[in-house]
Amino acid sequence: MPERDTVVFIPAWNEEQNLPAVLDALALELPDADVLVVDDGSTDGTAAVAGAHGADVFSFGENRGLRAGIAAGYREARERGYAFCGRVDADGQHPVHELRRLLELVQAGSCDVAVGSRFAEGHGYDADRYEPSLARRFGIGLLQKAMHVRLGRPFHDPTSGMAAVNAAAMSVMAQPYVSGAPEVEALLRLEEAGLRVQEVAVHMRERQGGESKLQGSKAVKLVLTVIGTLLFFRWLRHRRRP
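Everything in this summary refers to the structure shown in the same document. The residue count restarts for each chain, going from 1 along the sequence in the order it is written. It should be noted that, the model being predicted, local features are given only for residues of pLDDT at least 70 and side-chain atom pairs only at 80 or more, the latter also being counted only at that level, while totals for whole chains, interfaces and linings use all residues. To obtain the side-chain values, all non-hydrogen atoms of the structure were included, while hydrogens and water were left out.

## Overview of the environment of Ser-179
Consideration 1: With respect to the helices and strands, Ser-179 occurs in the loop between helix 6 (167–173) and helix 7 (182–193).
Consideration 2: Once the C-alpha coordinates of Ser-179 and Arg-67 are considered, the two residues, 112 residues apart in sequence, prove to be 8.3 Å apart.
Consideration 3: Within polar-contact distance, the side chain of Ser-179 engages the side chain of Glu-185 at 3.0 Å. Starting at the N terminus, helices and strands are each numbered in turn, a helix being any DSSP run of H or I of at least four residues and a strand any DSSP run of E of at least two. Pairing of N or O atoms within 3.5 Å defines a polar contact, subject to two protein rules: one partner must be a possible hydrogen donor and the other a possible acceptor, and residues neighboring in sequence count only if both atoms are side-chain atoms.

## Describing the packing of aromatic side chains
Consideration 1: Note on ring pairs: Phe, Tyr and Trp rings are taken, using the six-membered ring of Trp, and paired if centres are within 6.5 Å. Classes follow the plane angle, with under 30 degrees stacked, over 60 edge-to-face and the rest tilted. The full count for this structure, using the stated rule, is 2 aromatic pairs.
Consideration 2: Each ring, one from Phe-9 and one from Tyr-74, has its centre 4.9 Å from the other, and the planes form 80°; the classification is edge-to-face. Taken together, the positions of Phe-9 in strand 1 (residues 6–12) and Tyr-74 in helix 3 (residues 66–79) put the pair 65 residues apart, joining distant regions of the chain. Accessibility assignment for this pair places Phe-9 and Tyr-74 in one class, buried.
Consideration 3: Seen in terms of ring centroids, Phe-58 and Phe-60 are 5.8 Å apart; in terms of plane orientation they differ by 85°. Their pairing is edge-to-face.
Consideration 4: For every residue, the accessible area (1.4 Å probe, protein chains only) is compared with the maximum for its type, and the residue is labelled buried under 20%, exposed over 50%, or partly exposed between those bounds. Residue Phe-58 is classed as partly exposed on the basis of its relative accessible area of 22%.
Consideration 5: Residue Phe-60 is classed as buried on the basis of its relative accessible area of 8%.
Consideration 6: The rule is short: NZ of Lys or CZ of Arg within 6 Å of the ring centre and within 35 degrees of the ring normal puts a charge over the ring. Over the ring of Phe-60 we find Arg-64; its NZ or CZ atom is 4.3 Å from the centre of that ring.
Consideration 7: The side chain of Arg-189 reaches across the aromatic face of Tyr-177, ending 4.0 Å from its centre.

## Topic: the pattern of salt bridges
Consideration 1: For this document, the term salt bridge refers to a Lys or Arg side-chain nitrogen within 4 Å of an Asp or Glu carboxyl oxygen. This model, assessed by the stated rule, comprises 11 salt bridges.
Consideration 2: One salt bridge in this structure joins Glu-79 and Arg-78, with 3.6 Å as the shortest N-O distance.
Consideration 3: Close ionic contact of Glu-185 with Arg-189 constitutes a salt bridge, the shortest N to O distance being 2.9 Å. Taken as a pair, Glu-185 and Arg-189 lie in helix 7 at a separation of 4 residues, close to a single helical turn. Pair check on accessibility: Glu-185 and Arg-189 agree, each one buried.
Consideration 4: Shared partners join several salt bridges into a network, and the residues in it are Asp-56, Glu-76 and Arg-80.

This is how it looks when you write it as C-alpha cells:
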C-alpha cells in the first residue's frame, strides 16, 4: 500500500513545455498527493521533465493514444492501492485548485466520481462564463442533448478530462476503452455500474497549446464520435471481448 491515499495522474504526449507548470501547481496545491505521469511514447523530454519534478513516470514504448493513457492511469492507481485518484491534462487547461475541490467531494463520500464542468453553473460559476463561437456552441449543444437522452439527465461537459474518483470507480475506468470518446464511454460505464457521478462547475483555462476538439472539422468528427459511442456502446464492448 502507498504511504499516501491519493494519486493524480497526467496523460502526456510530447508535453515537455507545458508539463513543468502543471507539476509545480500540483506540488503547491496538493502536496499530500502522489503524482504519476503516463508518458504516451513521447519523443521529446516529457519523461525526463516529469522525473526531474518528482513525479513517477509510467511510459509506453510507443504512442498508443489518449484512451490507452487514460486506462493506464486509472489501472496504475488501482493496482498500486490508492483510495482516490485525480486526473488533469498536461496542457495546463485544468487549474489544480479546481481538481482539489473535486477530490474533496470524493474523499468526503459525497459521490464516487466528480467531473469538472466548464458549462455547469454553481455558486460563483455563471452558466455563461464561457462564450464559445457559434460553431462550438452548436457542437456543445448537440453533445449535451445526446447525453441527456442517453443518461436520462442533463450532463453539460461530457468530454471533460478533469475528474476525481474513488477506488470503486477506478476499477470501472481502468478497463480498455473501445471508442474514440473515452470520457463519454467512462460515463456510460459508471452509469451501468450504478456509481454516483457528480458534475461540478469549474473554471478552466484556454488551452496552452494545440487546437480545441470543438473547432472546424474536429468538432464535426468529435460530435459524430460521441453520438456513435452513445448509440453503439454495448455493441462495441461485446465486440471487443475475447
